[in-house]
Amino acid sequence: MPAPLSRLLQGLAVLGAIALVVVLPTYLELFTLMQMTLFAAMGVLALSLGFIWGFGGILSFGQTAFFGLGGYTYAVAAINFGDSTNAILLAILFPALFAAALGYFVFYGRISEVYLGVITLTVTLILFNVVNSTAGDAYTIGQARLGGFNGIPSVPTFNAPYTPDAVLTPEAGWWVTGGALIAVYLLMRLLLASPFGRIAVAVRENETRAALLGYDPRLIKLGVFMVGGAVAGLAGALYVNWGAFVGPTIFSLSLSAEIIIWITVGGLGTLIGPVVGCVLIQFLNAKIGSQQAFNSNLVLGVILVGFVLLLPRGIVPTLRDALAGLGRRTGPRRAPASARTQIAGAE
Amino acid sequence: MDPLVPLLKTEHLTMRFGGVVANDDVSFTLGEMELRCLIGPNGAGKSTFFKMLTGQLTPTSGTIAFRGQPVTGLQSHQIARLGIGIKTQVPNVFNGLSVRENIWLSARRKTTPKFTKPLVDEILEKIRLTHLAGATVGQLSHGQRQWVEIGTVLAGDPELILLDEPAAGMTDEETHRTAEIIREINQTRAIVVVEHDMAFIKMIARTVTVFHQGRIMMEDGIDAVLADRRVRDVYLGKKVAA
């Protein structure tokens, strides 16, 4: 497909997605809309890991650490401030700083990739246990009681920027969440097209070569990891806004593992793939959860095994290649790419 | 620039891996604009020497100075920024990226955005891969990937260029082209070349340093080295003697 045509189609797809976010509340009943809001919040979480794993080559087994920190930061800040605007900003900032601190030790300590997975997983477990044991009056931050395993109930939901009285309706909540998903996607596209993004991909491809060209791989990976932490934190805030509740299970390992499945199913190394995988799996989970015939974990396992065996690259890359192949076959007749390079090479 | 300060000077450089001594007391001096060839049998310590010069390995003892500035123990990217570029023995390229992107990543470091593209085009022309600019590097032949790596090194505009077996896997015609490029960049830059291909060495060499068992065995003009009996014994064998 010629580049300008492809870019035009992509632009149209983004406009279509924006239009969908705008008009959806008119067509869906509230229950379905709330479910879509949850999917969109999780889609942001999927993007955060899809970015650092697919483009930075960093496989974090504990992306929920940043997700949970974002959720708790939002809840505590919103209760204390009485306004959600700065709480959302803090929910992005704090996980990013946490990712910076954790990433500093991991990347500057030259810890290998396998141990990165182990460390992120352990950090998630530690956070779960710490937050889980904060029951009682001793554990309050300002006016917010952390509540231990009971979590924090009735967290204030989003309000219009700096106007605490104008609490958003569920429809507006959908617009914010769906809009955030599109905004994060577009920002990541921009970031990947920028020198930082291109260098990050180069570091993923070959760390030694990047260093020999004068780039510090540790610094680049730290930057990518921080972006992932910030985005996961935002997802946490969106998630807490959806349920008006946050509990320690937000740090669960099963969710951490599920994000990896979303990405494997949707397609590693793409941005749209993780979102597609996330929505698809969550939709299936919701459908299976509403009946008794199958256990949803069993189905999830079967899907994962099926994808690894049959579509190891995931849905989006497979579809993209199939479409490109179709375009070549039906497009104007011309020599195949390999023949063309040979001719050019002979000149 | 003080002419008395050499471009590169190593003193008593030693690298041990456990009980194995890969480099032993290597004192090596290279002048500005010099073209030096390193030869020696496999395991003589040439690649280890390059790895220490570029910060991929930290020497067990000894010092390295680049234009009088000590660089021993610096990180690879810090040394690269000082102006030492290397083509490693096994092609170290970004296999998943296009040829153009590979060159761009190097070219953008020292140029303003406006001048990056012309520089990339110029390098592509020089390594004769303009027609394959959009191809994924991992799908190219070994010789072409060697050139992509040479191209990324040139695009970074280093003061000193280290080439570890640049002609390996190249056809005769490509080897000639590589020798031509080396002579061309030597007009303005110092180069150290490690090579096994004696025909290639003869094409470019003036001064040759011979490594043997981690040490510098001799250092002299190409003709003197080729005539030396010890060198023939340890390395060149009967092929050249005949």
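Just so you know, these numbers come straight off a predicted model, no measurement behind them.

## Looking at the overall build of chain B
Then, in step 1: What chain B contains, in helices and strands, is nine helices and ten strands.
Then, in step 2: Relative to the globule expectation of 18 Å for 242 residues, the C-alpha radius of gyration of chain B, 18 Å, shows essentially globular dimensions.
Then, in step 3: With the C-alpha coordinates of chain B rotated into their principal frame, the extents come out at 50 × 45 × 40 Å.
Then, in step 4: Out of the 242 residues in chain B, the part that is buried amounts to 44%.
Then, in step 5: For chain B, the proportion of contacts with a sequence separation of at least 24, taken over those separated by at least 6, is 64%.

## As for the overall build of chain A
Then, in step 1: Each helix and strand in chain A was counted, giving 14 helices and two strands.
Then, in step 2: By its C-alpha atoms, chain A is 80 × 50 × 45 Å across when sized along the principal axes.
Then, in step 3: For chain A, the proportion of its 347 residues judged to be buried stands at 42%.
Then, in step 4: Counted over contacts in chain A with a minimum sequence separation of 6, partners at least 24 positions apart contribute 75%.

## Remarks on the UniProt feature "transmembrane region" (unreviewed entry) in chain A
Then, in step 1: Mapped onto this structure's residue numbering, the UniProt feature "transmembrane region" (unreviewed entry) falls at residues 7-27, 88-107, 114-131, 172-192, 219-239, 259-281 and 293-311 of chain A.
Then, in step 2: With 100% helix and 0% strand, residues 114-131 of chain A has its two end C-alpha atoms placed 26 Å apart.

## Focus: the sheet that holds strand β7 (residues 160-164) of chain B
Residue and element names in this part refer to chain B.
Then, in step 1: Read from one edge of the open sheet, six strands run β6-β7-β8-β3-β9-β10, paired in mixed fashion. Of all strands in the sheet, those bounded by a partner on one side alone are β6 (84-87) and β10 (215-221). On average, each strand axis in the sheet is inclined to that of its neighbour by 20°, with strand direction left out of account.
Then, in step 2: Bridge count for β6 against β7 is four bridges, and the pairing is parallel. Directly across from I86, in β7, lies its bridge partner L162.
Then, in step 3: Contacts from helix α1 (residues 46-53) reach β3 (35-39), β6, β7, β8 (190-194) and β9 (207-212) within the one sheet, and its direction differs from that of β7 by about 150°.

## A short note on the environment of G62 of chain A
Residue and element names in this part refer to chain A.
Then, in step 1: Tracing the backbone shows G62 in the loop between α2 (30-54) and α3 (63-81).
Then, in step 2: Between the C-alpha atom of G62 and that of V123, which follows or precedes it by 61 residues, the distance is 7.2 Å.
Then, in step 3: Discounting chain neighbours no more than four positions away, the residues touching G62 are T120, L121, V123, T124 and S256.

## Structural notes on the packing of helix α1 (residues 3-27) of chain A against helix α6 (residues 170-193) of chain A
Residues and elements named next belong to chain A.
Then, in step 1: The contact between α1 and α6 brings their axes to 8 Å, and the two run at 170°. When the axes of α1 and α6 are compared, the pair comes out roughly antiparallel. From α1, V14, A17, I18, V21, L24 and P25 reach across to α6, where they touch E171, W174, W175, G178, G179, I182 and L186.
Then, in step 2: Tallied by class, residues from the contact of α1 with α6 come to ten nonpolar, two polar and one charged.

## With respect to the interface of chain A and chain B
Then, in step 1: Contacts between the two partners involve 17 residues from chain A and, on the opposite side, 21 residues from chain B.
Then, in step 2: Listing elements by their share of the side of chain A that touches chain B, those giving two or more residues are α7 (195-205), α8 (207-212) and α14 (337-346) of chain A.
Then, in step 3: When the residues that make up the side of chain A that touches chain B are grouped by side-chain class, the tally is eight nonpolar, five polar and four charged.

## A word on unusual backbone geometry
Residue and element names in this part refer to chain B.
Then, in step 1: Of note, the phi angle at R128 is positive, near 55°, even though the residue is not glycine.
Then, in step 2: Mapped onto the secondary structure, R128 falls in the loop between α4 (113-126) and α5 (142-155).
Then, in step 3: At E165, a residue that is not glycine, the phi angle is positive and equals roughly 50°.
Then, in step 4: Within the element layout of this structure, E165 appears in the loop between β7 and α6 (172-185).

## Quick word on the sheet that holds strand β1 (residues 8-17) of chain B
Residues and elements named next belong to chain B.
Then, in step 1: One open sheet accounts for four strands, arranged β2-β1-β4-β5; its pairing is antiparallel. Lying at the two open borders of the sheet, with one neighbouring strand each, are β2 (20-30) and β5 (69-70).
Then, in step 2: Contacts from α1 reach β1, β2 and β4 (61-66), with the element oriented near 65° to β2.

## A few points about the environment of T209 of chain B
Then, in step 1: The residue T209 of chain B is located in strand β9 in this model.
Then, in step 2: Look past the residues within four positions of T209 of chain B in its chain and what remains in contact with it is F28, R36, L38, I216 and E219 of chain B.

## Here we look at the packing of helix α4 (residues 84-108) of chain A against helix α9 (residues 217-243) of chain A
All names here are of chain A.
Then, in step 1: One way to put it is that α4 packs onto α9 with a least axis distance of 7 Å and a crossing angle of 145°. Classified by chirality, the crossing of α9 by α4 is right-handed.
Then, in step 2: When its residues are assigned to classes, the contact of α4 with α9 shows 19 nonpolar, five polar and two charged.

## Overview of the nonpolar core
Residues and elements named next belong to chain A.
Then, in step 1: In terms of nonpolar packing, the biggest core is built from 160 residues, with V44, A46, V231, L234 and A235 touching the most fellow members.
Then, in step 2: The element best represented in this core is α9, accounting for 16 residues.
Then, in step 3: Beyond its immediate chain neighbours, meaning those up to four positions away, A46 contacts I259, W262, I263, P274, V275, G277 and C278.

## Looking at the confidence of the model for chain A
Residues and elements named next belong to chain A.
Then, in step 1: When pLDDT is averaged along chain A, the result is 90; 94% of the residues meet or exceed 70.
Then, in step 2: Within chain A, α9 carries the highest mean pLDDT (97), whereas α14 carries the lowest (37).
Then, in step 3: Contacts from residues 332-347, a stretch scored under 50 in pLDDT, to residues over four places away or in other chains number six contacts.

## Quick look at the pairing of β3 of chain B
Residues and elements named next belong to chain B.
Then, in step 1: Across the five residues of β3, four count as buried, placing the element largely inside the fold.
Then, in step 2: When β3 meets β8, the two strands line up parallel, connected through four bridges. Residue pairing in the sheet places C37 in a bridge with V193 of β8.
Then, in step 3: By the bridge criterion, four bridges tie β3 to β9 in an arrangement that is parallel. Directly across from L38, in β9, lies its bridge partner T209.

## Here's the deal with α3 of chain A
Residue and element names in this part refer to chain A.
Then, in step 1: For α3, with 19 residues, the first-to-last C-alpha span of 27 Å sits near the 27 Å given by 1.5 Å per residue.
Then, in step 2: Burial analysis of α3 places 16 of its 19 residues in the buried class, the great majority of the element.
Then, in step 3: Within two residues after α3, G82 carries a phi angle of roughly 70°, on the positive side.

## Quick notes on the pairing of β9 of chain B
Residue and element names in this part refer to chain B.
Then, in step 1: In this sheet, β10 lies alongside β9 in antiparallel orientation, the contact comprising six bridges. Looking at β10, one finds that V208 is bridged to D220.
Then, in step 2: Between β9 and β10, which pair antiparallel and follow one another directly, the connecting turn spans two residues, one of which, Q213, has a positive phi of 50°.

Cut-off values and rules
Residues numbered from 1 in each chain as written. Chains lettered and ligands numbered in written order. Predicted model: local features only at pLDDT ≥ 70, side-chain atom pairs only at ≥ 80, totals over all residues. Helix = DSSP H or I, 4+ residues; strand = E, 2+ residues; numbered from the N terminus. Rg over C-alpha atoms; globule rule 2.2 N^0.38 Å. Buried ≥ 20, exposed ≤ 12 C-beta atoms within 10 Å, placed from the backbone. Contact = placed C-beta atoms within 7 Å. UniProt positions renumbered as here; feature names shortened; annotations may be inferred. Pairing = 2+ DSSP bridges. Axes fitted to C-alpha atoms, helices over the stretch in contact; angles between N-to-C directions. Parallel < 35°, antiparallel > 145°, perpendicular 65-115°, else oblique. Nonpolar A, V, L, I, M, F, W, Y, C, P; charged D, E, K, R; others polar. Left-handed = near helix turned anticlockwise from the far one by under 90°. Core = buried A, V, L, I, M, F, W, Y, C linked by C-beta atoms within 7 Å. pLDDT = per-residue confidence, 0-100. Expected span 1.5 Å × (residues − 1).

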